[in-house]
Amino acid sequence: MIPIAKPMIGDEEKKAVLAVLESGMIVQGQKVKELEEKFAAFCGVKHAIAVSNGTAALHVALKALNIGPGDEVITSPFTFVASANSILMAGATPVFADIDEKTFNLSPAAVEKKITKKTKAILTVDLYGLPADYTALGAIAKKHQLKLIADACQSVGAELNGKKTGSLADITAFSLYATKNIMCGEGGMITTNDDAAADFAKKFRHHGQHQQYSYEFLGYNYRMTDIAAAIALCQLQRIGKITEQRRKNAAQLTASLNGIVRIPFIPPASTHAFHQYTIITEQRDSLRNYLKTKEIDSRIFYPKPLHLEPHFAYLGCKRGDFPIAEKACETVLSLPVHPLVTEKELKYIAEKVREFHGM
Ligand SMILES: *Cc1c(COP(=O)(O)O)cnc(C)c1O
């Protein structure tokens, strides 16, 4: 089976982990600090704060901007559940807005219609690795005095107008989960230029401690270990190559599939990190089954929009409320695009997709 994702673990990672174990200093320490400095430099921001996972990073991001009970946060229903769960974790209310048909990201026009007196922030998602429309969303946020929070868990290395994700919103959350473009098993990062938010994040990840055994507010244990940071440092060092290979793989698929299925759209001002290569086809489920018989793994990200999940039912949304997101859930299919898929395998994948469509 050609897998949909496969972590790249080389000798460097193994050596780096061993060195941390041998040093005897395995919790948050020197490696975490080094990772934070290099990650901030990579994104072009003042601060990066490492945490235990991407969901924690989103939770910290919301809390650092003082979002809590009574506040509404507008977000996409077409994303991984963690995006909206983090809003619940902060005690705020998620308000869904529909997505743009071409990019799969939040539609700025749909967002503006959802703004009320209680709206405090927009939490946008860079789905599949494509930056959201930060230009339009940033203008809306400014006009209505809202905070712009980015879920960039899938888009590390992508750019908008030459600026990297992580530098495009007031605060950004990244994930270093095993299947993400760069990973350390489980891990997360927060990036921001806001000194106060960065200071809050550093306390919040460690029980709200502001000096040893003195606690300013309720925080959590969201620390990253030096073992994880050592792996992430190796991955960050290779991010240029990783992203380049994903883009090359995507271009190869696009060259064979254009006109057969709907291929990923890349707005002219953006570069895509191709966390996923996602096509649209009306015969999605039968194509997926066909590919399975040909030993090709494909996945549906995501089969159900969040507004139809039971734990968001209290919001009172129903089928038909976000037609573009709902349609996407029925027609999207992600094909293997990760750096370990070979040119020959990509050719085979494209051939089988064409064959299924009678081409
Ligand atoms: C992976 C992911 C997350 C959560 O990250 P974890 O590290 O698994 O907690 C959040 N949002 C999106 C869009 C993701 O893809």
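Residues numbered from 1 in each chain as written. Predicted model: local features only at pLDDT ≥ 70, side-chain atom pairs only at ≥ 80, totals over all residues. Heavy atoms only, no water.

Quick notes on helix α10 (residues 284-293)
Logical step 1: What α10 keeps buried is the set R284, L287 and L291. One side of α10 holds all its buried residues, which, seen down the axis, span an arc of 60 degrees.
Logical step 2: Buried-residue contacts for α10 involve β13 (277-280), α11 (323-331), β14 (332-335) and α12 (343-356).
Logical step 3: Where α10 terminates, the next one or two residues include E295, which has phi positive at roughly 65 degrees. (Buried < 20%, exposed > 50% of the residue type's maximum accessible area, 1.4 Å probe, protein only. Helix = DSSP H or I, 4+ residues; strand = E, 2+ residues; numbered from the N terminus. Arc of directions from axis to C-beta. Contact = heavy atoms within 4.5 Å.)

Some details on the layout of surface pockets
Logical step 1: Computed from the structure, the largest pocket encloses a volume of approximately 510 Å³.
Logical step 2: If you trace the largest pocket, you find 30 residues lining it, with F80, Y177, T179, K180 and Y302 closest to the centre.
Logical step 3: Looking at the lining of the largest pocket element by element, the count peaks at three residues for helix α3 (residues 54-64).
Logical step 4: Among the residues making up the lining of the largest pocket, the classes are represented as 14 nonpolar, eleven polar and five charged.
Logical step 5: Mapping the lining of the largest pocket onto the domain boundaries places at least three of its residues in each of domain 1 (11-98 + 105-237) and domain 2 (239-356).
Logical step 6: The space that makes up the second largest pocket amounts to roughly 200 Å³.
Logical step 7: If you trace the second largest pocket, you find 15 residues lining it, with T103, P131, A132, D133 and P267 closest to the centre.
Logical step 8: Structurally, the lining of the second largest pocket is a two-domain feature, drawing no fewer than three residues from each of domain 1 (11-98 + 105-237) and domain 2 (239-356). (1 Å grid on protein atoms, 1.4 Å probe; cavity = no way out; pocket = protein on both sides within 12 Å on 5 of 7 lines; lining within 4 Å. Points joined across faces, edges and corners; volume = space filled by probe spheres on them. Nonpolar A, V, L, I, M, F, W, Y, C, P; charged D, E, K, R; others polar. Domains from an automatic or database assignment.)

Quick word on the side chain of H47
Logical step 1: By the secondary structure assignment, H47 is in strand β1 (residues 47-51).
Logical step 2: The buried category is assigned to H47, whose relative accessible area is 18%.
Logical step 3: A polar atom in the side chain of H47 sits 2.7 Å from the side chain of D195.
Logical step 4: Setting aside residues up to four positions removed in sequence, H47 forms contacts with A40, I190, T191, T192, N193, D194, D195 and A198. (Polar contact = N/O pair within 3.5 Å; in protein donor to acceptor, adjacent residues only side chain to side chain.)

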